[in-house]
Every structure is written in C-alpha cells, then in structure tokens.
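# A look at the structure
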Amino acid sequence: MKLYYSPGACSLAARISLHEAGIAAEFERVDLKAKITETGRDYIAINPAGSVPMLVLDDGAAITENVAVLDLIASHEPRLGVSGPLGRTRLIEMLSYLSTELHIAFKPFWHGASGSEKQDAADAVAKRLNLLESRIAEPYLFGSDFTVADAYLFVMLRWAKAFRLPIPPRLLNLFELASERNAVRQALTEEAEPALNA
Ligand SMILES: N[C@@H](CCC(=O)N[C@@H](CS)C(=O)NCC(=O)O)C(=O)O
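Given the structure is predicted, the values throughout are model-derived calculations rather than measurements.

For the protein chain, the assigned domains are domain 1 (2-78 + 184-190) and domain 2 (82-181). The C-alpha centroid of domain 2 is placed 19 Å from the C-alpha centroid of domain 1. Of the residues lining the interface, 16 residues belong to domain 1; the matching set on domain 2 comes to 19 residues. Summing both sides of the interface, domain 1 and domain 2 together bury roughly 1600 Å²; the carbon and sulfur share of this comes to 65%.

Inspection of the region around the ligand gives 15 residues, with Cys10, Lys35, Glu65, Asn66 and Lys107 positioned closest. At 2.5 Å, a side-chain N or O of Lys35 approaches an oxygen atom of the ligand. Separating an oxygen atom of the ligand from a side-chain N or O atom of Lys107 is a distance of 2.6 Å. In isolation the ligand has 500 Å² of accessible area, and contact with the protein removes 81% of it. Among the elements that line the shell around the ligand, the one with the most residues is helix H4 (residues 87-110), at three residues.

Another aspect to go through is the packing of helix H6 (residues 148-162) against helix H7 (residues 169-179). The relative placement of two packed helices is expressed as an angle between their axes plus a distance between the axes. Between H6 and H7, whose axes approach to 10 Å, the crossing angle comes to 105°. Accordingly, the angle class assigned to the pair H6 and H7 is roughly perpendicular. Contacts between H6 and H7 involve Asp150, Leu153, Phe154, Leu157, Arg158 and Lys161 from the first element and Leu171, Leu172, Leu174, Phe175, Ala178 and Ser179 from the second. Across the contact of H6 with H7, the residue classes tally to eight nonpolar, one polar and three charged.

Glancing now at the nonpolar core. Ranked by size, the top nonpolar core spans 56 residues in total, and within it Leu55, Ile73, Leu98, Leu102, Phe106, Leu141 and Leu153 carry the most contacts. With eleven residues, the top contributor of residues to this core is H6. Residues from two domains meet in this core; each of domain 1 (2-78 + 184-190) and domain 2 (82-181) gives at least three. Beyond its immediate stretch of four places on either side in the chain, Leu55 contacts Met1, Lys2, Leu3, Leu18, Ala61, Ala62, Ile63, Val69, Leu72 and Ile73. Formed by eight residues, the second largest nonpolar core is a distinct cluster that contains Ala9, Val30, Val52 and Val56.

All right, on to the pairing of strand S1 (residues 2-5) then. Residues Lys2 and Tyr4 of S1 are buried on one face, and the alternating residues Leu3 and Tyr5, pointing to the opposite face, are buried as well. Relative to strand S2 (residues 26-31), S1 is paired through four bridges, and the arrangement is parallel. When the bridges of S2 are listed, Lys2 appears paired with Glu26. Crossover handedness for the path S1 to helix H1 (residues 11-21) to S2: right-handed. Across three bridges, the pairing between S1 and strand S4 (residues 54-56) is antiparallel. Paired with Lys2 across the bridge in S4 is Val56.

Conventions adopted
- Residues numbered from 1 in each chain as written.
- Predicted model: local features only at pLDDT ≥ 70, side-chain atom pairs only at ≥ 80, totals over all residues.
- Heavy atoms only, no water.
- Domains from an automatic or database assignment.
- Contact = heavy atoms within 4.5 Å.
- Buried area = accessible area lost by both parts, 1.4 Å probe.
- Near = heavy atom within 4 Å.
- Polar contact = N/O pair within 3.5 Å; in protein donor to acceptor, adjacent residues only side chain to side chain.
- Areas by Shrake-Rupley, 256 points an atom, 1.4 Å probe, with all protein chains shown as cover.
- Helix = DSSP H or I, 4+ residues; strand = E, 2+ residues; numbered from the N terminus.
- Axes fitted to C-alpha atoms, helices over the stretch in contact; angles between N-to-C directions.
- Parallel < 35°, antiparallel > 145°, perpendicular 65-115°, else oblique.
- Nonpolar A, V, L, I, M, F, W, Y, C, P; charged D, E, K, R; others polar.
- Core = buried A, V, L, I, M, F, W, Y, C linked by side-chain atoms within 4.5 Å.
- Buried < 20%, exposed > 50% of the residue type's maximum accessible area, 1.4 Å probe, protein only.
- Pairing = 2+ DSSP bridges.
- Right-handed = clockwise from strand over helix to strand, strands pointing away.

Okay, here's the thing in structure tokens:
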C-alpha cells in the first residue's frame, strides 16, 4: 500500500491506523499548495481532487476520502473497528460526523479567514467537540478500545491545540492517552515538521 499524505494533515489518521494495524505501507508526501509529490509528480494527475489522504492498494486501486480509507483499514484489522451487530454502522456514523461536521469546521483556520470567520469557526468546533464530549464512551469514543475514529479525532484535537481552541476534559483525556500509543508516537515522529499543513 502507499499513502499520499501531508505532515500533520488529516492523512495522519490513516498513518496512525496503518501502524496500529501493523500494515506495512510506503508514504509519499504531497505539497498541498503546489500539488506536487515529493518525487516531483503532479498530484492532480494522481488524485484529481487534490486532497489527502489517498491510499493506493497493492493491486493499484486508489481509495480517497477519510471515511473510506479509515473504514478500509478497520476492515483489514477489525480490532480498530467497532464490534456488535451495528458495529460498522456506528463506526461509519462516527467517521461521517468527524468528517462532515468537525473536520469541515476547522477549514477557516487553514484558509486565511478573517477574525470574525475564525470566531464563528471556533464556535462551530466547540459545539461539535461538546457533542462528542457528551457521547464518548470513555476513555476512547467507543469505550476501552482505540478505533480508527479515535485516530481521526486525535488529529483534529491536535489541530484544536495548535489553534488554542478549548478541548473538553474527556476528549483531552482521550488525546493524552492516544498520544502515549506507540503507533501515534511513531506516526508523529515520521511526520515531524515545523508546521502543520492542511
Ligand atoms: N473530503 C476529503 C477532504 C480531505 C481534506 O480536506 N484534506 C485536506 C488536508 S486535512 C487537504 O488535502 N487539503 C488540501 C486541498 O483540499 O486542496 C476527505 O474527507 O478525505
């Protein structure tokens, strides 16, 4: 497999999940502004959407969208998914919320928004973090086991910290616990960069 990524971007969730699953992968960095990969290839020719993550399987199939990439990794390693009759539905429900509600709410912070737009975005992030805070099964989103959804949430809690946005206590505990995991440490070390990109 190969993961196209940008340091500190949402693709970090896929890298963490691949390491958690023990799946060997190559990683190719993408300059998201120039849309050029680290080997000098035109990223738009590889992924017309121009965004990361993109996971290319050994048979050449390319998977985009965080929800699909993370669900795929959980299907390879069910320990990273949610068990029970509605397990996969609950996982997709959570991944979709993280993607279409929380991730989207951060966008103004990355794209030169005005002060008032950033304040609106901070309010939107806070509202969504508070909803997760009221639903979390503790210590992770679905209880004692770390799932791909926790990996995705971890990345966005990292952004919240970088932008000095408040994180409610149960989610802060999740963030701190996740930070201690070997897969998370490994992924952060591999992506160590002076700045976050998205
Ligand atoms: N809909 C995509 C969006 C992913 C996304 O927003 N990725 C950001 C990095 S966190 C990105 O690549 N931004 C650059 C761009 O879209 O041009 C998904 O959910 O995977």
